[in-house]
Amino acid sequence: MKFIQKSLLMLTLSVFTFGAAQETITNESVVQMVELGFDDYMIIDKINTSDVKFDASITALGQMKNAGVSSEVLSLIMDKSKQNTMSKTGIYYTDASGEDKLVQPSVFSGSNSNQVAQKLVSGLINAKKKAQLPKTQSNNVIRQSQPEFTFIFDPSVTQVDNMQNNQGGDTGIFNWWFRMASNPNEFVLVKLTVKEKKNLREVITGKSSWITSSTGIDPKYALNFAIEEIEGHKFKVTPDALEPGEYCFIYQGQVPQGRENQSVFDFSVQ
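Attention here is on the structure that accompanies the text. (Residues numbered from 1 in each chain as written. Predicted model: local features only at pLDDT ≥ 70, side-chain atom pairs only at ≥ 80, totals over all residues. Heavy atoms only, no water.)

**Things to note about the layout of surface pockets**
Okay, so step 1: By volume, the largest pocket amounts to about 590 Å³.
Okay, so step 2: What lines the largest pocket is a set of 21 residues, and nearest its centre among them are Lys 53, Asp 100, Thr 150, Ile 152 and Lys 234.
Okay, so step 3: Looking at the lining of the largest pocket, the elements with two or more residues in it are α5 (71-86), β3 (90-94), β9 (149-152) and β15 (234-239).
Okay, so step 4: When its residues are assigned to classes, the lining of the largest pocket shows six nonpolar, seven polar and eight charged. (1 Å grid on protein atoms, 1.4 Å probe; cavity = no way out; pocket = protein on both sides within 12 Å on 5 of 7 lines; lining within 4 Å. Points joined across faces, edges and corners; volume = space filled by probe spheres on them. Helix = DSSP H or I, 4+ residues; strand = E, 2+ residues; numbered from the N terminus. Nonpolar A, V, L, I, M, F, W, Y, C, P; charged D, E, K, R; others polar.)

Here it is, written out as structure tokens:
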């Protein structure tokens, strides 16, 4: 009888696997398999051979534990969730269809300053350094005045790792900002100035005079945004209402040795 029962479970799992090849395993899927009587090794095999989307928060894990999910399966869920998060670090926004879109970084096309004008008036004015982005509109178009962004950082990187990375360690070619930083406070949100005739957008990234010089975004140009921690590495960022225009998030934290921060996370509000 037990052999027949196990055979039926294996058949059910086979249908579950091959009949729905594109299925994504979630918390609810795991609880359903537990309720159907699947053994742990069957559930673990299903998780390891499928696309997954798990909620590994303490509340969600507690609910699964109460539903009878074993510690071994919960441990695998936590590991899979961590791996999934590490592959999805970055800044996301939700488009009109409800789909999460990654804000790809844009690279500065050039920079200029008004140092010549400064010299003409014997240093009485500040020379402004401006970073420029190609085109007058971002590829990331948001059609709401108060968008919500999700910042996801790499939870596997510690402060010690960051210190080592800053001294020349490997921070990864892509999305190194989210290995160096640990929260959205290390970014600043600014509005870009659109230059229609030159087909570009620009932002002031520093200024100097014959006495002093400074780099970075002037605090008076920084736009306010609220931060809500979702998990230890995941945050919801909500700016104050934004008028139509071009904007970007700029990383203001430590830059690894040998690298330059020449990219911004730009978007357009329409």
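**Side note on the nonpolar core**
Okay, so step 1: Counting residues in each nonpolar core, the largest one holds 24 residues, and the members touching the most others are Phe 149, Phe 151, Phe 187, Phe 249 and Phe 267.
Okay, so step 2: Setting aside its immediate chain neighbours within four residues, Phe 187 contacts Phe 151, Phe 153, Trp 177, Phe 178, Ala 181, Phe 225, Phe 249, Ile 250, Tyr 251, Gln 252 and Phe 265.
Okay, so step 3: In this structure, Val 31, Phe 38, Val 52 and Leu 76 belong to the second largest nonpolar core, which totals 17 residues. (Core = buried A, V, L, I, M, F, W, Y, C linked by side-chain atoms within 4.5 Å. Buried < 20%, exposed > 50% of the residue type's maximum accessible area, 1.4 Å probe, protein only. Contact = heavy atoms within 4.5 Å.)

**Re the sheet that holds β3**
Okay, so step 1: Taking strand neighbours across the sheet as the criterion, the five strands line up as β4-β3-β9-β15-β14 in an open arrangement whose pairing is antiparallel. Only two strands of the sheet have a single partner each, and these edge strands are β4 (100-102) and β14 (225-231). Averaged over all pairs of adjacent strands, the angle between strand axes in this sheet comes to 30°, irrespective of strand direction.
Okay, so step 2: The pairing of β14 with β15 spans six bridges and is classified as antiparallel. For Ile 227, the partnering residue across the bridge sits in β15 and is Val 237. (Pairing = 2+ DSSP bridges. Axes fitted to C-alpha atoms, helices over the stretch in contact; angles between N-to-C directions.)

**Some details on the packing of helix α2 (residues 27-35) against helix α3 (residues 40-48)**
Okay, so step 1: One can describe the packing of α2 onto α3 by two numbers: an axis separation of 10 Å at closest approach and a directional angle of 155°. With respect to their mutual orientation, α2 and α3 come out roughly antiparallel. Between α2 and α3 lies a crossing whose hand is right-handed. Residues Val 30, Met 33 and Val 34 of α2 pack against Ile 43, Lys 46 and Ile 47 of α3. (Parallel < 35°, antiparallel > 145°, perpendicular 65-115°, else oblique. Left-handed = near helix turned anticlockwise from the far one by under 90°.)

**Some remarks on the environment of Asp 40**
Okay, so step 1: Assignment of secondary structure puts Asp 40 in helix α3.
Okay, so step 2: On the basis of relative accessible area, Asp 40 is assigned to the partly exposed category, the value being 31%.
Okay, so step 3: Residues Asp 40 and Ser 71, 31 residues apart in the sequence, show an inter-C-alpha distance of 9.8 Å.
Okay, so step 4: Not counting residues up to four positions away in its chain, the partners in contact with Asp 40 are Ser 70, Glu 72 and Val 73.
Okay, so step 5: At a separation of 2.7 Å, a polar atom in the side chain of Asp 40 contacts the side chain of Ser 70. (Polar contact = N/O pair within 3.5 Å; in protein donor to acceptor, adjacent residues only side chain to side chain.)

**As for the pattern of salt bridges**
Okay, so step 1: Inspection of the entire model under this criterion finds eight salt bridges.
Okay, so step 2: Across the pair Glu 202 and Lys 130 runs a salt bridge, and its minimum N-O distance is 3.6 Å. In this pair, Glu 202 is assigned in strand β12 (residues 200-208) and Lys 130 in strand β7 (residues 127-134), connecting sequence segments 72 residues apart.
Okay, so step 3: Judged by relative accessible area, Glu 202 falls into the buried class, the value being 8%.
Okay, so step 4: Under the relative-accessibility criterion, Lys 130 is labelled partly exposed at 23%.
Okay, so step 5: One salt bridge connects Asp 154 with Arg 179, and the closest N-O pair in it is separated by 3.0 Å. Taken together, the positions of Asp 154 in the loop between β9 and α7 (159-166) and Arg 179 in helix α8 (residues 177-180) put the pair 25 residues apart, joining distant regions of the chain.
Okay, so step 6: Classification of Asp 154 by relative accessible area gives buried; the value is 9%.
Okay, so step 7: For Arg 179, a relative accessible area of 24% puts it in the partly exposed group.
Okay, so step 8: Residues joined in a network through salt bridges with shared partners are Lys 130, Lys 195 and Glu 202. (Salt bridge = Lys/Arg side-chain N within 4 Å of Asp/Glu carboxyl O.)

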